[in-house]
Amino acid sequence: MGAEEILCRLRREGNISREKLADGFCTVQQLALLESGRAEPAPQLLDVLLQRLGKSPDKLEVILSWDQYQIKEVFDQFERFVYKKEIKKAQALLSGALKSLAEKGGVWKMHYYRYCAMYEQYCASDWKRAEKYLIKALNLTLPGWTARKLDRYLISTLEIENLLALLEIQMRIGESRSGELEKRLSDCYDYITNILTDKEEKAKVLCKCAWLYAGFLLSQGQQQKAFLLCEEALELLRDCGISYFMLPLIDRMLACEGTQEQKHQKRKLENYRSVLVYVQKYGENWYPQASIYHSICKREYHLDSEIIQLERLSKGLTQEEICEGIFQSARSLSQIECCKSVPRKKSFELLMERLGLKGGRYCSNILTESFEVLELENEFIRMTVKEQQENLAKTINELKRRLVMELPENQRAIWSYENELERREHSRPAEELLEEAHQILHTTYNLREKGCYRVPFRREAFLIIQIAVLLGELGCLDKAEQLYRNLLQVYQDSKLPERYHFSTCSTIYNNLAKLLDSEELAKEGLRLDLYCGNLNTMYYKVFQIGLGKKKRCEAEEGRRLVQDAYWLCKLAKNPNRNWIENFYKDTYNKDILE
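Calculation criteria
- Residues numbered from 1 in each chain as written.
- Predicted model: local features only at pLDDT ≥ 70, side-chain atom pairs only at ≥ 80, totals over all residues.
- Heavy atoms only, no water.
- Helix = DSSP H or I, 4+ residues; strand = E, 2+ residues; numbered from the N terminus.
- Buried < 20%, exposed > 50% of the residue type's maximum accessible area, 1.4 Å probe, protein only.
- Areas by Shrake-Rupley, 256 points an atom, 1.4 Å probe, with all protein chains shown as cover.
- Lys, Arg positive; Asp, Glu negative; His and termini not counted.
- Charge placed at Lys NZ, Arg CZ, Asp CG, Glu CD.
- Pairing = 2+ DSSP bridges.
- Disulfide = S-S within 2.5 Å.
- Expected span 1.5 Å × (residues − 1).
- Salt bridge = Lys/Arg side-chain N within 4 Å of Asp/Glu carboxyl O.
- Core = buried A, V, L, I, M, F, W, Y, C linked by side-chain atoms within 4.5 Å.
- Contact = heavy atoms within 4.5 Å.
- Phe/Tyr/Trp six-rings, centres within 6.5 Å; stacked < 30°, edge-to-face > 60°.

**Student:** Give me the lowdown on the overall build of the protein, citing residues and values where you can.
**Tutor:** Within the protein, the regular secondary structure consists of 31 helices and three strands. Oriented by its inertia axes, the alpha-carbon framework of the protein measures out at about 70 × 70 × 50 Å. In the protein, which comprises 594 residues, the share counted as buried stands at 58%. Surface accessibility of the protein: about 24,800 Å² in total, with carbon and sulfur atoms responsible for 46%. Placing the 89 positive and 88 negative side-chain charges of the protein at their respective mean positions leaves the two points 4 Å apart.

**Student:** With reference to specific residues and values, describe the sheet that holds strand β1 (residues 61–64).
**Tutor:** Strand-to-strand pairing in sheets goes through backbone hydrogen bonds, with the strands running parallel or antiparallel. The mixed open sheet is built from three strands, whose spatial order is β2-β1-β3. Only two strands of the sheet have a single neighbouring strand rather than two, namely β2 (301–303) and β3 (362–363).

**Student:** Lay out the state of the cysteines in plain terms, naming residues and giving numbers.
**Tutor:** Structurally, a disulfide amounts to a covalent bond that connects the sulfur atoms of two cysteines. Under the defined criterion, the tally for this structure stands at zero disulfides. C240 takes part in no disulfide bond, and the closest cysteine sulfur, belonging to C207, lies 10 Å away. C505 takes part in no disulfide bond, and the closest cysteine sulfur to it belongs to C532, at a distance of 9.2 Å. Assessed through its relative accessible area of 0%, C505 is described here as buried.

**Student:** Now, about helix α22 (residues 408–425): what can you tell me, with residues and values included?
**Tutor:** Over its 18 residues, α22 runs 26 Å from end to end, which matches the ideal 26 Å to within 8%, given 1.5 Å per residue. By the burial criterion, the buried members of α22 are E409, N410, A413, I414, S416, Y417, N419, E420, L421, R423 and R424. Trailing α22 by a residue or two, H426 shows a phi angle of about 55°, which is positive.

**Student:** An account of the pattern of salt bridges is requested, with residue identities and associated values reported.
**Tutor:** Overall, the coordinates contain 57 salt bridges when judged by the stated rule. E161 is paired through a salt bridge with K208; the nearest N and O atoms lie 2.8 Å apart. Taken together, the residues span a long stretch of sequence, with E161 in helix α10 (residues 157–173) and K208 in helix α12 (residues 199–219) at a distance of 47 residues.

**Student:** Which residues make up the pairing of β1, and what values do they have?
**Tutor:** The alternating pattern of β1 places E61 and I63 and V62 and L64 on opposite faces, both of which are buried. By the bridge criterion, two bridges tie β1 to β3 in an arrangement that is antiparallel. Across the sheet, residue V62 finds its bridge partner in β3, namely Y362. Two strands pair when backbone bridges link them, and β1 and β2 are joined in this way by three bridges, in the parallel orientation. In the strand pairing of β2, L64 is matched with L303.

**Student:** Account for the nonpolar core, with residues named and values stated.
**Tutor:** Membership of the largest hydrophobic core comes to 194 residues, with the highest contact counts inside it found for F78, L98, L249, Y293, L568 and I580. Apart from residues lying up to four places away in sequence, Y293 is in contact with Y83, R114, A117, M118, Q121, Y122, L134, E161, A165 and I169. Residues I63, C323, A330 and L351 belong to the second largest nonpolar core, which totals 17 residues.

**Student:** Give a description of the packing of aromatic side chains that names residues and reports values.
**Tutor:** Tallied over the full model, the rule gives 27 aromatic pairs. Summarising the aromatic geometry, the rings of F75 and Y115 are spaced 5.3 Å apart at their centres and angled 75° between planes, so their arrangement reads as edge-to-face. Note that F75 is positioned in helix α5 (residues 66–83) and Y115 in helix α8 (residues 107–122), a separation of 40 residues in sequence. Both residues of the pair, F75 and Y115, belong to the buried class. Seen in terms of ring centroids, Y566 and W567 are 5.3 Å apart; in terms of plane orientation they differ by 85°. Their pairing is edge-to-face. A residue is classified by how much of its surface remains accessible, and Y566, at 5% relative accessible area, is buried.

**Student:** Residue-level account of the environment of S100, with values.
**Tutor:** Looking at the element boundaries, S100 is found in helix α7 (residues 97–102). Between the C-alpha atom of S100 and that of Y112, which follows or precedes it by 12 residues, the distance is 9.4 Å.

**Student:** I'd like a rundown of the environment of A39, residues and numbers included.
**Tutor:** Its location among the elements puts A39 in the loop between α3 (28–36) and α4 (43–52). Along the sequence, A39 and I173 sit 134 residues apart, while their C-alpha atoms lie 44 Å from each other. Setting aside residues up to four positions removed in sequence, A39 forms contacts with L33, L34 and K345.

Shown next, in the form of structure tokens:
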């Protein structure tokens, strides 16, 4: 299902006009072209349109052109420069590339105003100018927002962040009366809790809104309500495995007096806070902790030139053979593979089909017309990461019920998920599961003959990691290690940085550190987790670092890290905290809670 079909279907299901969906981001004519498949949306535009429709763009993988990658890097670089206070570099991007993009209008101009506000707030400390830019951004995409209720609009999470950033500034400079501030904070909170349907998108902004709202309530002496707001937001972050913005929420909760029960809960919160603060030493010191502008992304990105060239070479095809009937000469394909040209939508789809990789620039593990089914599949993946195995079989059966199982792509996806369940339950021999994993993977990725030759799609990476795990369980440790290292090398050789594949790379670092008992690999994986706000596998990397410290006779540091791994595991709602607790008791002869 292409991005244009997704947009059109969701809009029609919600009985939403093109005018309402496009408002401020693009023209109605541009949206009509996107929905008809005659134009491709820029990722930045697709993101906000999907968010306005209540869906998370993170459910889709994106194949970027070189130009799209360059734009994304400009955005990411600007944020890094701002948070690192590299003022001249931030100014250069703001007055150069970002200003040029703003001339396109719509979503680009909104981003420009947002980044101007960031610069004024973090680099120039000019809160009034930051306020003016945020008001411009809101006026552009939510015209009349000061006089209308928010539920009259379709609002993306990016726009909610703009509004929350504005309210934060107005609270600091005393620009608005307390009654007006409370009403706007309450409206934001109600919109997020009642209108946003995607769990992860809701988690990303509810934490920021609850933190701000709780700060206001504390200033008014409403401690109980402030605590409960933050508690709800923290629980949602825990469910989604998101660590970003946990610290500010916990600090707000600890600032509340609370009931006797809440006072008891604070001892647990203090442990959570302690470990979250401590692990920051393994990340970069400029990582933001409480910036409303910063948002984590769990999406996988790919580069079209790399996929086309490396898949073509793996199949032993020349440029002339692959472009026959698509381009007039091989020179056009050469320009694409060298990142000097961008294929048109139709040409790109034909190239992918010829390479045996069906789909456009936006794809997913399964073929479905329902975003709800994508969310269900995402929940399955989250349960496997969190080791929550009791509902895996039920989720697979529900996926089978709601998918068109006649489609080979869906058959392969379900087959791989059933194999993973059987591996965890030890209900079938590992040798059989290994052979079947190779069979499923071989339809799109020739691992047996070519090894890891290009960055795999998420569904392919799932199978490659499954194969490596099975090799380890069969005692083929050298083969498992080699496969992990080869896979990691493919990501490191890509023009895209590891953070563009953070979910897969985090799993590789986690599994390889476990296999080799490697402190250094665990540190690399933890650094990536901290950058991307990934809570789910952070605990094991911290545990592995603790074991490394213990071996180097840094006993107290090692003990502290094992204890921290327990609290991270508990924070992530991962049942593995039980074996960490037992390990701690056996190793240190004391209770982990002492």
